[in-house]
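# Structural characterization, general
What follows is the residue order along each chain.
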Amino acid sequence: MKPAPFEYLRAKSIGETLAFLGAHDEAAILAGGQSLLAMMNMRAAAPSHLVDISGIEDLRKIKTESGDLVLGALVRHCDLETSSLVADGLPLLAEAASQLAHPAIRNRGTIGGSLALADPAAELPACILALEGTIEATGAAGTRRIAAEGFFTGAFATALTENEVLTAVRCPVPVKNTRFSYEKLARRHGDYALVGLAARAGLRNGRLEAPRFAFFAAADRPVLARSAAAVLDGEAPDAEIIERACTALREDLDPVGQPGCSAGTKMHLAGVLLRRAVARLIG
Amino acid sequence: MASEIEIRLTVNGEPVVERVEARLSLVDFLREKLHLTGSHVGCEHGVCGACTVLVDGEIVRGCLTLAAQADGSSVTSIEGASDSGEIADLQAAFHERNALQCGFCTPAMLLSADALLKRNPAPSREDIRLWLSGNYCRCTGYHAIVDAVASVAEVRRNNSI
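The following refers to the structure shown. (Residues numbered from 1 in each chain as written. Chains lettered and ligands numbered in written order. Predicted model: local features only at pLDDT ≥ 70, side-chain atom pairs only at ≥ 80, totals over all residues.)

Looking now at the overall build of chain A. Within chain A, the regular secondary structure consists of 12 helices and 14 strands. A compact globule built from 283 residues should have a C-alpha radius of gyration of about 19 Å, and chain A, at 19 Å, falls within 12% of that. The principal-axis extent of the C-alpha atoms belonging to chain A is close to 60 × 45 × 35 Å. Here chain A holds 283 residues, and 50% of them are scored as buried. Sequence separation of 24 or more characterises 61% of the internal contacts of chain A that already satisfy a separation of 6 or more. (Helix = DSSP H or I, 4+ residues; strand = E, 2+ residues; numbered from the N terminus. Rg over C-alpha atoms; globule rule 2.2 N^0.38 Å. Buried ≥ 20, exposed ≤ 12 C-beta atoms within 10 Å, placed from the backbone. Contact = placed C-beta atoms within 7 Å.)

This part takes up the overall build of chain B. Helix and strand counts for chain B stand at six helices and five strands. The helix and strand sequence of chain B, counted from the amino end, reads β-β-α-β-β-β-α-α-α-α-α. Over its C-alpha atoms chain B spans a radius of gyration of 16 Å, differing by no more than 12% from the 15 Å that the globule rule assigns to 161 residues. Taken along its principal axes, the extent of the C-alpha atoms in chain B is 55 × 35 × 20 Å. Looking at chain B residue by residue over its 161 residues, the buried ones come to 46%. Long-range pairs, those at least 24 residues apart, make up 57% of the contacts in chain B between residues at least 6 apart in sequence.

With that settled, consider the sheet that holds strand β11 (residues 178–185) of chain A. What holds strands together in a sheet is hydrogen bonding between their backbones, with the strands either parallel or antiparallel. All names here are of chain A. Strand order in the open sheet formed by four strands is β11-β12-β13-β14, with antiparallel pairing between adjacent strands. Strands with a single pairing partner mark the edges of an open sheet, and in this sheet they are β11 and β14 (223–224). Pairing between strand β12 (residues 195–204) and strand β13 (residues 207–216): eight bridges, direction antiparallel. Opposite R204, over in β13, you have R207 as the bridge partner. (Pairing = 2+ DSSP bridges.)

This paragraph deals with the interface of chain A and chain B. Contact with chain A, which involves 26 residues of that partner, is made by 26 residues of chain B. Looking at the side of chain A that touches chain B, the elements that each hand over two or more residues are β1 (7–10), α2 (36–41) and α6 (103–106) of chain A. Its residues placed into classes, the side of chain A that touches chain B shows 13 nonpolar, eight polar and five charged. (Nonpolar A, V, L, I, M, F, W, Y, C, P; charged D, E, K, R; others polar.)

With that settled, the discussion passes to the packing of helix α3 (residues 88–96) of chain B against helix α4 (residues 106–119) of chain B. Residue and element names in this part refer to chain B. Direction vectors running N to C along α3 and α4 enclose 125 degrees, while the axes themselves pass 10 Å from each other. As far as their axial angle goes, α4 and α3 are oblique. Read as a crossing pair, α3 and α4 show a hand that is right-handed. Residues L90, Q91 and F94 of α3 form the contact with α4, whose own contacting residues are T106, L110, A113 and D114. Of the residues in the contact of α3 with α4, the class split is four nonpolar, two polar and one charged. (Axes fitted to C-alpha atoms, helices over the stretch in contact; angles between N-to-C directions. Parallel < 35°, antiparallel > 145°, perpendicular 65-115°, else oblique. Left-handed = near helix turned anticlockwise from the far one by under 90°.)

This part is about unusual backbone geometry. All names here are of chain A. One non-glycine residue, N177, lies in positive phi territory at about 65 degrees. Along the polypeptide, N177 turns up in the loop between β10 (165–172) and β11. Residue N177 is classed as exposed on the basis of its 11 C-beta neighbours within 10 Å.

All names here are of chain B. A sheet is described by the order of its strands in space; here five strands give the open sequence β2-β1-β5-β3-β4, paired in mixed fashion. At either margin of the open sheet sits one strand with a lone partner, and together these are β2 (14–21) and β4 (58–61). With direction set aside, neighbouring strand axes in the sheet form an average angle of 40 degrees. Both strand β1 (residues 4–11) and β2 contribute to a ladder of eight bridges, which runs antiparallel. Across the sheet, the residue bridging to E6 is R19, located in β2. The strands touched by α4 within the sheet are β3 (52–55) and β4, with β3 carrying the most contacts at an inclination of about 45 degrees.

All names here are of chain A. Its location among the elements puts I29 in strand β2 (residues 27–30). Counting along the chain gives 20 residues from I29 to H49, while the straight-line C-alpha distance between them is 8.4 Å. Discounting residues that sit within four places of it in the chain, I29 has contacts with T17, V51, I53 and V165.

Written as structure tokens, this is what we have:
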């Protein structure tokens, strides 16, 4: 279908973006548009105004700053795939991006858009959660930082207020001996996940340290599997420990089924992914 | 009122200035305003890939890009890529290997395949399938398409040595 009519506003700065948002109650921010325009074409969204921020060049930067990798809101999925800063510091993001949707979509879709939309099946919110990321949001009162753990508040819901713009996300670049794992199960290449898992852990002498397992498409928001992580923390996982972690995972997740994939199947698949992730983290 | 906007862009090498509705997608702009009907409209939510065109040399979904967003850009559709001869080898291989039947997906399939070969001159068959997973074909079962792309990859590699 075609989208409902709207007014198109091109913002040249964050200040102008905030002014547009303040002036129009039903405005939406347009970044890459790869989810928003699809939702508008299906009339699942019908904003009165689109505020196009894609011309704000400052938001395209990838840089390192006091031990963090800082990604501007307009960094595209294809940029995550090809950036040497990402490859060196947080290869998890490059791996996730390379399996996200399809090349033509990765050429336009942005990390800021993905995080601000907070689709429960989206890949990057879970990655940022696994990486202990912090979201930067700018409003009339200035810029504040929101930890990923408090940012995602439900399906398509975040801690952003109506008159704030997500401007960047920053993730600590881990020290040596850090491992990552990215696992995603989907019916077809590029589809949304049935279940997915982004994981980060330290590894010292075969023992996992402070592992973080962030599941996506397993709840109404990305979820940290704290109980499973507690079982594995400090351990050199053998088959018995991994089974205990999979049992503990049932305390962490309470998946909701979808057509073609029941809640029970999702729970089973989450355990499959946890086993794969642990094998890769210690491998 | 900004529900209409004037855009200036280059389409297949020619400068274009048009006044468009803000909600007009890039693929509808090409088809309905410029009568370039080689780009097709399928699902209109980014799944089927039939609307693939190039914006500043990169493949994009024409249905998930507003014409307004293409202001200042250089757009290439299948008509431009075909007329320039740059994908003639892919077109010939698709023809020779029966890599199309109804042809609806073909223009986008050709542009996507060319983008792959420019990025990865030596793709495996799995690489080709992964890359083209965003372009649906309901006729061929994909096998002949993968054959065609793999054969062109080999010829281009040999020619570049």
